[in-house]
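# Tertiary structure, described
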Amino acid sequence: MINKEKTTIRKLRFKKAESIYLIIRGLEVGIASGLICVLYRYALQIAESGLMNVLSYIKGSPSKTVLWLLLAVILGIIVSFINKFEPDAAGSGIPQVSGEIRGYFSLNWWRVIIAKFIGGTTSVFCGLSLGREGPSVQLGGMAAKGVSRLTKSDKTTELRMISCGAGAGMAAAFNAPIAGTMFVLEELHRSFDKALLTMGIVSSITADYISKIFFGQDTIFKYDTSTLALRHYWLLVIMGAVLGVAGVSYNVIMVKAQTLFKKIKLPTPVKISAVFLIRAVIGLYFPQILCGGHSMANLLINERPELKILVLLFVAKFLFGALSFASTAPGGTLYPLCILGAYLGAIFGNIAIETIGIKEALFEEFVIIGMAGLFASIVRAPLTGIILVFELTGNMNSLLPIATVSFISYAVANTIGTAPFYSILFEKAVEKTDTPTLDTGANEKVLQTFSIPIGSPVNDKRIADIDWGKHCIIVSIERNEVPITPKGGTVLKEGDTLVMLISQRRFSQDLKRIQELIDD
């Protein structure tokens, strides 16, 4: 414990050396997370390709079809036992990583990696409407935790490594290093930490580099640029409002689907195998909606389906996605929700082209805008969504319309008042445990950074006049890039960055209390 405390204090005293330390740790995280996520991405490609080959092989053969349906049931039972073996590997994985970072959980990193890898690959081979991005976030975070444990890192560094590993996983899955870093800051931490930013950028770029070695440097989406005339920007206001309402509806329906699934009075293996069986039947008639949605994306860009086909595929993908998510099978929702956004954009663009007479070349522009707009309203991370779409397409020409729609949809969703998707999942995950599952004998202090926002209730107050809690100590204040030694009479100002030591035993409770104290 003493050595670990010295390591924590080192972060405060030797800032120049700490920068090199953060870069080295970021490289370690990027390599470990990048490799495991590339392997997972490769396995999913094989699984999805194998699924299409199976569907082609059994086509027109009743006996082969029956055998395939039976195999789907067996694989569903296997996935249910994988979830029982490691419950923290079920579902997307992003809420679990968020819970680990905030001190609610202490995940078994190697068990999660094994269960997520096998369960996620099996689910995709069976065609569930789940993507690789959420699992990649969790796999990246757990790979980083493994590195931290093997190198005996202090707790502060471990939490930073897990955060950056999650961002590196997203970078490797999407080929989007900047979005991976922004996802950590905007969604997982919701604060700006320079140390986290340094390590996060290095780890995400490293993971992205490893991913591109194996999968090439092409962007995931390719489309022709066409600029929307300024006189038609009123369409973007309507589109933003529509996507805002759609995002809220998505959150409500997905959560209700999971709740209803849990209420079904059947053994879990039976319920999950039933979902796999339903998937197998659907795959015989609508193979386009299976898996994450790559087939739907190619269909959208290459063939430009007519309006009724767009609506049919959107509804089918949404309902099948809700069923797949409700089953808690290992798999992500990020890419499927991007596909849903793309189809909503395509539907909106199709209607606009037909009714207003704008040029048809704008069809793909609406597709990309829809993707970013729905992401912003569902996840409530508009900056991440904007950057993600830019990195998915490699095109900056659409930045203004994408940003316009994203922030309108974000504002509409916030105005309606429902919580962000991953916040809802995080709260539901925390409800399952009465007390945080911290490491036994966790006496170490954790270094945490907080930024005082405009309008904060602690602004213009002395440190001594604020009840920080007996387990929290302010060790440094940074104001306008200048460090200030904290004293009882020090007056806090908007924009100050507080560096605090928090007891690991009460980390989750104190972290939440201080955030509420500063933000409310």
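Residues numbered from 1 in each chain as written. Predicted model: local features only at pLDDT ≥ 70, side-chain atom pairs only at ≥ 80, totals over all residues. Heavy atoms only, no water.

### What to know about the nonpolar core
Among the nonpolar cores identified, the biggest contains 122 residues, and Leu334, Tyr343, Phe366 and Leu388 are the most heavily contacted of them. By residue number, the principal contributor to this core is helix α14 (residues 334-356), which donates 14 residues. Residues in contact with Leu334, not counting those within four places in the same chain, are Ile94, Glu133, Met170, Phe174, Phe375, Val379 and Tyr422. The next biggest cluster of nonpolar side chains, apart from the first, holds 19 residues, and it includes Val446, Val458, Trp468 and Ile477. (Core = buried A, V, L, I, M, F, W, Y, C linked by side-chain atoms within 4.5 Å. Buried < 20%, exposed > 50% of the residue type's maximum accessible area, 1.4 Å probe, protein only. Helix = DSSP H or I, 4+ residues; strand = E, 2+ residues; numbered from the N terminus. Contact = heavy atoms within 4.5 Å.)

### Observations concerning the confidence of the model for the chain
Averaged over the chain, the pLDDT score is 88; the fraction of residues at 70 or greater is 94%. Per-residue pLDDT stays below 50 along residues 1-6; that stretch engages in seven contacts with residues further than four places along the chain or on separate chains. (pLDDT = per-residue confidence, 0-100.)

### Brief notes about α14
Helix length check: α14 (23 residues) gives 32 Å between terminal C-alpha atoms against 33 Å at 1.5 Å per residue, within 8%. Burial analysis of α14 places 19 of its 23 residues in the buried class, which makes it a mostly covered element. Among the residues trailing α14, Gly357 stands out with phi positive, at a value near 85 degrees. (Expected span 1.5 Å × (residues − 1).)

### Some thoughts on the packing of helix α3 (residues 62-85) against helix α11 (residues 268-285)
Across the interface, α3 lies against α11 with an axial gap of 7 Å and an inter-helix angle of 140 degrees. The two elements α3 and α11 cross, and the hand of that crossing is right-handed. Every residue of α11 that contacts α3 at Thr65, Trp68, Leu69, Ala72, Val73, Leu75, Gly76, Ile77, Val79, Ser80 and Asn83 is listed here: Thr268, Pro269, Ile272, Ser273, Phe276, Leu277, Arg279, Ala280, Val281 and Leu284. Per-class residue counts for the contact of α3 with α11 are 14 nonpolar, six polar and one charged. (Axes fitted to C-alpha atoms, helices over the stretch in contact; angles between N-to-C directions. Left-handed = near helix turned anticlockwise from the far one by under 90°. Nonpolar A, V, L, I, M, F, W, Y, C, P; charged D, E, K, R; others polar.)

### Examining the pairing of strand β4 (residues 497-503)
Of all seven residues in β4, seven are buried; the element is thus mostly enclosed. Residues Thr497, Val499, Leu501 and Ser503 point to one face of β4 and Leu498, Met500 and Ile502 to the other, with burial holding for every one of them. As defined by bridge partners, strand β2 (residues 472-479) adjoins β4 across six bridges and the pair is classed as antiparallel. What sits directly across from Cys472, in β4, is Ile502. (Pairing = 2+ DSSP bridges.)

### Here's the deal with the packing of aromatic side chains
A complete count under the given rule lists ten aromatic pairs for this structure. For the pair Tyr250 and Phe421, a centre-to-centre distance of 5.6 Å together with 65 degrees between the ring planes defines the contact as edge-to-face. Remark: Phe421 occurs in helix α18 (residues 421-431) and Tyr250 occurs in helix α10 (residues 234-263); sequence separation between them is 171 residues. Between Phe314 and Phe318, the ring centres sit 6.5 Å apart and the planes meet at 15 degrees, which makes this aromatic pair stacked. Of the two residues, Phe314 and Phe318 are both situated in helix α13 (residues 307-326); the distance of four residues between them amounts to about one turn of the helix. Relative accessible area serves as the criterion here: at 17%, Phe314 is assigned to the buried category. For Phe318, a relative accessible area of 15% puts it in the buried group. Three or more aromatic residues joined by ring pairs form one cluster here, namely Tyr250, Phe314, Phe318, Phe325, Phe421 and Tyr422. The ring of Phe215 carries the charged tip of Arg41 above its face, separated from the ring centre by 4.2 Å. Here the guanidinium or amino end of Lys271 rests over the ring plane of Phe261, the centre of that ring lying 5.0 Å away. (Phe/Tyr/Trp six-rings, centres within 6.5 Å; stacked < 30°, edge-to-face > 60°. Lys NZ or Arg CZ within 6 Å of the ring centre and 35° of its normal.)

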